[in-house]
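Listed below are the residues making up each chain.
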Amino acid sequence: MRLWRRQWTAGGTEALASVGPDGSDCKLSVEQLRQLAEVLDEGPVVHGWDDARWTLARVAEVIGRRFSVSYTLRGLSYLLHRLGCSQQVPTRRAIERLPEAIAGWHRGRWPSVRG
């Protein structure tokens, strides 16, 4: 007999009520999540990287070093999303940007890449 039917037989419709989302609990405590948010706000340069770009791998490394907890990149992506973080695009363009070179690439190379 199926689980839902056994639960219904034993406890009626109340036994079939949802108990909330399934899945594992967060590996970090509320305090650790607060500390992680502070670490992310400090930026990756403060934590040893030479550019100002957080990647999932870098965040995973910081969590491992600081809290001795490991996350898969996918699990870390879900965690950061729950914390309100999102993928970002740089707000400024690089100073070294060459519009003529970009336009030439779009005219010459892009059609062959695009197919």
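In this report, we go over the structure that sits alongside the text. What you are looking at is a predicted structure, and each value in this text was computed from that prediction instead of being measured. (Residues numbered from 1 in each chain as written. Predicted model: local features only at pLDDT ≥ 70, side-chain atom pairs only at ≥ 80, totals over all residues. Heavy atoms only, no water.)

### Describing helix 4 (residues 73–82)
Reasoning step 1: Along helix 4, the residues that are buried comprise Leu76, Leu79 and Leu80. For helix 4, the buried positions fall inside an angular range of 95 degrees around the axis, keeping them on one side. Of the exposed residues in helix 4, the ones pointing more than 90 degrees away from its buried face are Arg74, His81 and Arg82.
Reasoning step 2: Contacts made by the buried residues of helix 4 are with helix 2 (30–42) and helix 3 (56–67). (Buried < 20%, exposed > 50% of the residue type's maximum accessible area, 1.4 Å probe, protein only. Helix = DSSP H or I, 4+ residues; strand = E, 2+ residues; numbered from the N terminus. Arc of directions from axis to C-beta. Contact = heavy atoms within 4.5 Å.)

### Comments concerning the pattern of salt bridges
Reasoning step 1: Taken as a whole, this structure holds five salt bridges when the rule is applied.
Reasoning step 2: Measuring nitrogen to oxygen at the nearest pair gives 2.3 Å for the salt bridge that ties Arg34 to Glu31. Within this pair, Arg34 and its partner Glu31 are both found in helix 2, separated by three residues, close to a single helical turn.
Reasoning step 3: Here Arg34 falls in the partly exposed class, since its relative accessible area comes to 38%. (Salt bridge = Lys/Arg side-chain N within 4 Å of Asp/Glu carboxyl O.)

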